[in-house]
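What follows is each chain in one-letter form.
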Amino acid sequence: MSGAAQVTKRAKYKISVKDPGTTGALRMNDQKLMFMPDNRNSGAKLVVEFKSIQGHKYTKEGSNKPPLINLANAQGGSYIFEFDSYSDLHVCRDFVSKVLEKSKETPNAALEKSAVKLPDEQLSEEEMQLRIKLLQENSELQKLHRQFVGGNILTEAEFWAARKKLLDRDPSKKSKQRVGFKSAMISDIRPATDGRIFAEKPAVHRAFLNFVPNKMTEMEFWTKYCRAEYLSRTKNYHAVVAEAAEDEELAVFLKEDDILANEVRKKIRRVDPTLDMEADEGDDYTHLPDHGIFRDGTKESNELQSEHYRRTLLQDLNRHAAVVLEGRTIDVEREDSTRALAEALARSKRGNEGADNNANEERLDRTPRVAEIEDLQAPHCLPLAPLSIKDAREYFDSQQANTLKASRDSQASMKCSLSRQEAYGSVRDAISEIKDMGLSDPIVNPEVALKVYSGLTHNISSIKYHLGKNPRETVLDRLPSATKEKLLYHWMSIQELLKHFWSSYPITTPYLYSKFTFDDVQVNRLKDALSNIYPQLEEMKESLPADLRHQVSLLVRPMQQALDAAIQHYDADLQKRSAKSGEKPNGYV
Amino acid sequence: MASAPSKLYSDDVSLVVVLLDTNPFFWSSSSLSFSQFLTHVLAFFNAILTLNQLNQVVVIATGYNSCDYVYDSSSTGNQSVGNGRMPSLCATLLQNLEEFMNKDEQLGKQEPEGRIACSLLSGSLSMALCYIQRVFRSGLLHPQPRILCLQGSPDGPEQYVAIMNAIFSAQRSMVPIDSCYLGAQNSAFLQQASYITGGVHHKPQQLDGLFQYLLTIFGTDLHSRNFLQLPKPVGVDFRASCFCHKNTIDMGYICSVCLSIYCKHLKKCSTCGSVFGQAQTQSDEPSATNRKRKTTDA
């Protein structure tokens, strides 16, 4: 990878692949590449800016083709260079790709630079990264940013002040997650030193704490434990009972875990009776035989005395699953010996008990509140203001009185000249007329019908032409896309500028004041920007064909009105200010 | 907006509830005479009933003082009354209409105040919606209902609230309200009704071709409207009437609690009773403080 700022190689410039090409020297630097033919008179000299190069292709080393590089430019043309050797090709290719990459990065670098030069704001590194990322993701935002912050109309701080929500995202903190237990069950007898056995079998844990190092060493403890495990696996209950009777400590391992039993009882008590559970058809197991569980009653044995020593696989599985899901409560790496591990585990368990008690109390509190027995309750007297909903009829009646007053309705063009009786009489006559005469024949005059029909057809087709087939189509969709984009872009920039403009009124701080002064450093940025948009809008309107112009001017009018309002307000405010300050020149503090 | 699918009938069975404007003050001064109007309309009803054997037509008369059901094609008590010169549909309808007009005349006592009185559109809309609700609850087997308003009288701004309520409940039950306005001016209420519920509004240019209009535009059933092009109004008049004076207004004040519309600023909403806050006057206060600060600076 050559780090040189410039590469010079001998190459042949070809117009197309088949072209024999003109020999010469190819020189590339950061900005452009130059090709100088050997024969000065052949006229194939070439100077191409890297900005106009879109991409590059090259032939692979293993193929039988000569080493070529093909640089494609923006207009679709290409420049093909043939090198003497593949190593030359590689050097040039690396250089080209480096330059192209760098040129893609420069807009971001510019953003970074402009983001960096903030004298009055300390941005942390990650905030800057976040901003750059936001700008890269949202091209509209980027355009706005480039136009306003790049054009020195708004400062960086102001631009982002309105977008606090975007920046508020907390960078995802590295959550300190501990690696949990492996979900594979311990199937081999060797105890692993990660405290898993202690977590799964609290009786063993307690035994460990009690026996080691008082009664026996760790080795002995684990030996006994393994013996117990082995015995229980043989499923030879008589042997189990016999050995348990002999060795007390062994019996501890073989007995049912009473700590576990206690825990389970506590868990049952902890169940929230106020939980609202809906039953659905899937819960209806009662009509299935054996409640949906297949049971083969033949293998049931009645060995009551060895029940204590029997642990079923289900119990083990459930316990194991519960422990794995709970995760580790202590950091394993910190503990060196098993003894220390056991103690740490015991400590953490004691800590949890206190929290449990509180939760219990809270639940006991809540239960009677939620599961109220209605007829035992005292009547509720809630301190609320009573609703005053008036009778609806009152409203309508009062409105009737209003309607009898003379109204200014402009639809009163046709006045009724007949009295009531006459009016009703005429209607009744009409009805009797029909009854006598029957329906007229033809009901509709054919010419009239034809006129109606063609009128309707014309109406429908013309509406379709004007409004388009889709009634939900907006005006914007019918404009050419370039115009639509320009309109939307103007609209967005007007919104942004107006947002900042109106937020700085009323002018209370000197900073806001400085936005509008005629200081030579800070020219009247916002107002100028606002007034500059006017000619742009006009220009856009002019460039359109006549039939679209009207619609676009309808769309543009509210934008212009908003701009007018802002500039008017500014002028009025300026006048007021200068009137107050008396002899002082305009805006000069 | 298509109406709720009627599950087991075929797609194009329709129940048309027609609201017939029988305001005598309007008809006595209209260019189209009431008898001609009735001719067109009766032939139109016949046509609807011939389109499909299961089609139904219900006619509600919108009078000046009252509204009432005048004809129901599904009722079995349609005796042929009078001479045999017209189908029993027409005879029954006309008979009932006459009785209705008599009753209506007796109910009213006052003369109209000079302008054309409006008919009780809100009443007949409500009756139509009740009938349609009954049809909905009659089971799965029912035609697709729609409402057709044949109205000539102008809008009564005092009925604004009731009409809007009826329109919204029609929208909720997915019943389109078609409207054919026969009067001289435009009816904002009917335009809004058709727009909101997804019906068709049309104001016929030639009243003597009314039958052709009715058949072409309002005879189409709801299923066919998916692929037929019907005339769309270019714009809709969305003006409301204020709740205090019943004037039609474009801009006004709205209570933020109950959304009642008023034409001028009030201290308290007359519908829900909520008290409005003080309007902020922007010009005086900041300049006063500015002035104060200026003097302390200087």
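Residues numbered from 1 in each chain as written. Chains lettered and ligands numbered in written order. Predicted model: local features only at pLDDT ≥ 70, side-chain atom pairs only at ≥ 80, totals over all residues. Heavy atoms only, no water.

### Concerning the overall build of chain B
So, step 1. Counting its secondary structure elements, chain B contains 8 helices and 10 strands.
So, step 2. The buried share of chain B, taken over its 298 residues, is 55%.
So, step 3. On chain B, roughly 13600 Å² of surface is accessible, and the fraction owed to carbon and sulfur atoms is 52%. (Helix = DSSP H or I, 4+ residues; strand = E, 2+ residues; numbered from the N terminus. Buried < 20%, exposed > 50% of the residue type's maximum accessible area, 1.4 Å probe, protein only. Areas by Shrake-Rupley, 256 points an atom, 1.4 Å probe, with all protein chains shown as cover.)

### Observations concerning the nonpolar core
Residue and element names in this part refer to chain B.
So, step 1. Counting 56 residues, the largest nonpolar core has Phe34, Phe37, Phe45 and Leu150 as the members making the most contacts within it.
So, step 2. If you tally residues by element for this core, the top one is helix H2 (residues 34-51), at 9 residues.
So, step 3. The residues touching phenylalanine 37, leaving out its near neighbours within four places in the chain, are Leu20, Asp21, Trp27, Leu32, Leu150, Leu182 and Leu210.
So, step 4. Residues Leu121, Tyr160, Ala240 and Cys269 belong to the second largest nonpolar core, which totals 41 residues. (Core = buried A, V, L, I, M, F, W, Y, C linked by side-chain atoms within 4.5 Å. Contact = heavy atoms within 4.5 Å.)

### Overview of the state of the cysteines
All names here are of chain B.
So, step 1. Applying the stated criterion to the full structure yields 0 disulfides over all chains.
So, step 2. Looking at the unpaired cysteine 258, the closest cysteine sulfur is the one in cysteine 269, lying at 3.5 Å.
So, step 3. Note on cysteine 269: relative accessible area 1%, which makes it buried. (Disulfide = S-S within 2.5 Å.)

### Some details on a nonpolar patch on the surface
Residues and elements named next belong to chain A.
So, step 1. A surface patch of nonpolar side chains, amounting to about 320 Å² of accessible area, comprises Leu313, Leu314 and Leu317.
So, step 2. When you line up the elements, leucine 317 lands in helix H12 (residues 313-326).
So, step 3. Classification of leucine 317 as partly exposed rests on a relative accessible area of 38%. (Patch = residues over 30% accessible without salt bridge, like charges linked within 9 Å, V, L, I, M, F, W, Y side chains within 5 Å. Salt bridge = Lys/Arg side-chain N within 4 Å of Asp/Glu carboxyl O.)

### Points about the packing of aromatic side chains
All names here are of chain B.
So, step 1. Taken as a whole and judged by the stated rule, the model has 12 aromatic pairs over all chains.
So, step 2. On the numbers, 6.0 Å between centres and 50° between planes, the contact of tyrosine 69 with tyrosine 131 is tilted. Of this pair, tyrosine 69 sits in strand E3 (residues 67-72) while tyrosine 131 sits in helix H4 (residues 121-136), and the two are 62 residues apart along the sequence.
So, step 3. In this structure tyrosine 131 comes out as buried when scored by relative accessible area, which is 8%.
So, step 4. The rings of Phe26, Trp27, Phe34 and Phe37 are connected pair by pair, giving a single aromatic cluster. (Phe/Tyr/Trp six-rings, centres within 6.5 Å; stacked < 30°, edge-to-face > 60°.)

### Considerations on the confidence of the model for chain A
Residues and elements named next belong to chain A.
So, step 1. Averaged over all residues, the pLDDT of chain A equals 70, while 61% of them reach at least 70.
So, step 2. When pLDDT is averaged over each element of chain A, helix H15 (residues 420-437) comes out on top at 86 and helix H14 (residues 392-403) at the bottom at 57.
So, step 3. Across residues 112-121, where pLDDT falls below 50, the model places 9 contacts with residues more than four positions away in sequence or in other chains.
So, step 4. Low pLDDT, under 50, characterises residues 518-523; the stretch is placed with 7 contacts to residues that sit more than four places away or in other chains. (pLDDT = per-residue confidence, 0-100.)

### Considerations on the environment of leucine 190 of chain B
So, step 1. One can find leucine 190 of chain B in helix H6 (residues 188-197).
So, step 2. Considered as a pair, leucine 190 of chain B and aspartate 237 of chain B are 47 residues apart in the sequence and their alpha carbons are 9.3 Å apart.

### So, the environment of aspartate 257 of chain A
All names here are of chain A.
So, step 1. Tracing the chain through its elements places aspartate 257 in the loop between helix H10 (248-254) and helix H11 (258-270).
So, step 2. Classification of aspartate 257 by relative accessible area gives buried; the value is 13%.
So, step 3. Sequence-wise, aspartate 257 and proline 202 are 55 residues apart; in three dimensions their C-alpha atoms are separated by 7.3 Å.
So, step 4. Those residues in contact with aspartate 257, other than ones at most four positions away along the chain, are Lys201, Pro202 and Ala203.

### Looking at H6 of chain B
Residues and elements named next belong to chain B.
So, step 1. Taken across its 10 residues, H6 has 9 buried, putting it largely inside the fold.
So, step 2. Buried within H6 we find Ala188, Phe189, Leu190, Gln191, Gln192, Ala193, Ser194, Ile196 and Thr197.
So, step 3. Taken together, the buried residues of H6 touch H4, strand E4 (144-151), helix H5 (160-172), strand E5 (177-181), strand E6 (201-202) and strand E7 (240-241).
So, step 4. A positive backbone phi angle near 85° is found at glycine 198, which sits one or two residues after H6.

### Some points on unusual backbone geometry
Residue and element names in this part refer to chain B.
So, step 1. Not every positive phi belongs to a glycine, and methionine 174 is a case in point at roughly 60°.
So, step 2. Mapped onto the secondary structure, methionine 174 falls in the loop between H5 and E5.
So, step 3. Judged by its relative accessible area of 35%, methionine 174 falls in the partly exposed class.
So, step 4. With a phi angle near 60°, leucine 259 is a residue other than glycine that sits in the positive phi range.
So, step 5. Structurally, leucine 259 can be placed in the loop between strand E9 (253-254) and strand E10 (261-262).

### Some details on the pairing of strand E4 (residues 46-49) of chain A
All names here are of chain A.
So, step 1. Of the two faces of E4, only the one carrying Leu46 and Val48 is buried; Val47 and Glu49 on the other face are not.
So, step 2. Across 4 bridges, strand E3 (residues 32-37) lies against E4 in antiparallel orientation. Residue pairing in the sheet places lysine 32 in a bridge with glutamate 49 of E4. (Pairing = 2+ DSSP bridges.)

### Brief notes about the pairing of strand E2 (residues 22-28) of chain A
Residue and element names in this part refer to chain A.
So, step 1. The sheet contact formed by strand E1 (residues 7-14) and E2 spans 7 bridges and is antiparallel. Each bridged residue has a counterpart across the sheet, and for alanine 11 the counterpart in E2 is glycine 24.
So, step 2. Inspection of the sheet shows E2 paired to E3 by 5 bridges, in the antiparallel sense. Within E3, the position partnered with methionine 28 by the bridge is leucine 33.
So, step 3. Between the end of E2 and the start of E3, which pair antiparallel, lie 3 residues.

### Examining the packing of helix H7 (residues 202-211) of chain A against H11 of chain A
Residues and elements named next belong to chain A.
So, step 1. In the contact formed by H7 and H11, the axes pass within 6 Å of each other and the chain directions differ by 130°. With respect to each other, H7 and H11 are oriented oblique. Across from Pro202, Ala203 and Arg206 in H7, the residues of H11 making contact are Asp258, Ile259 and Leu260.
So, step 2. A breakdown of the residues in the contact of H7 with H11 according to their chemical character gives 4 nonpolar, no polar and 2 charged. (Axes fitted to C-alpha atoms, helices over the stretch in contact; angles between N-to-C directions. Parallel < 35°, antiparallel > 145°, perpendicular 65-115°, else oblique. Nonpolar A, V, L, I, M, F, W, Y, C, P; charged D, E, K, R; others polar.)

### Overview of the sheet that holds strand E1 (residues 14-21) of chain B
Hydrogen bonds between backbone atoms are what pair the strands of a sheet, whose relative direction is either parallel or antiparallel.
Residues and elements named next belong to chain B.
So, step 1. An order of E3-E2-E1-E4-E5-E6 is seen for the 6 strands of this open sheet, with the pairing classed as mixed. Of all the strands in the sheet, just E3 and E6 have a single pairing partner and so form its edges.
So, step 2. Summarising the sheet, E5 and E6 pair through 2 bridges and their orientation is parallel. When the bridges of E6 are listed, cysteine 180 appears paired with histidine 202.
So, step 3. Sheet strands in contact with H2 are E1, strand E2 (56-62) and E4, and its direction is about 175° off that of E1.
So, step 4. This element, helix H3 (residues 88-107), spans E2 and E3 of the sheet and lies at about 165° to E3.

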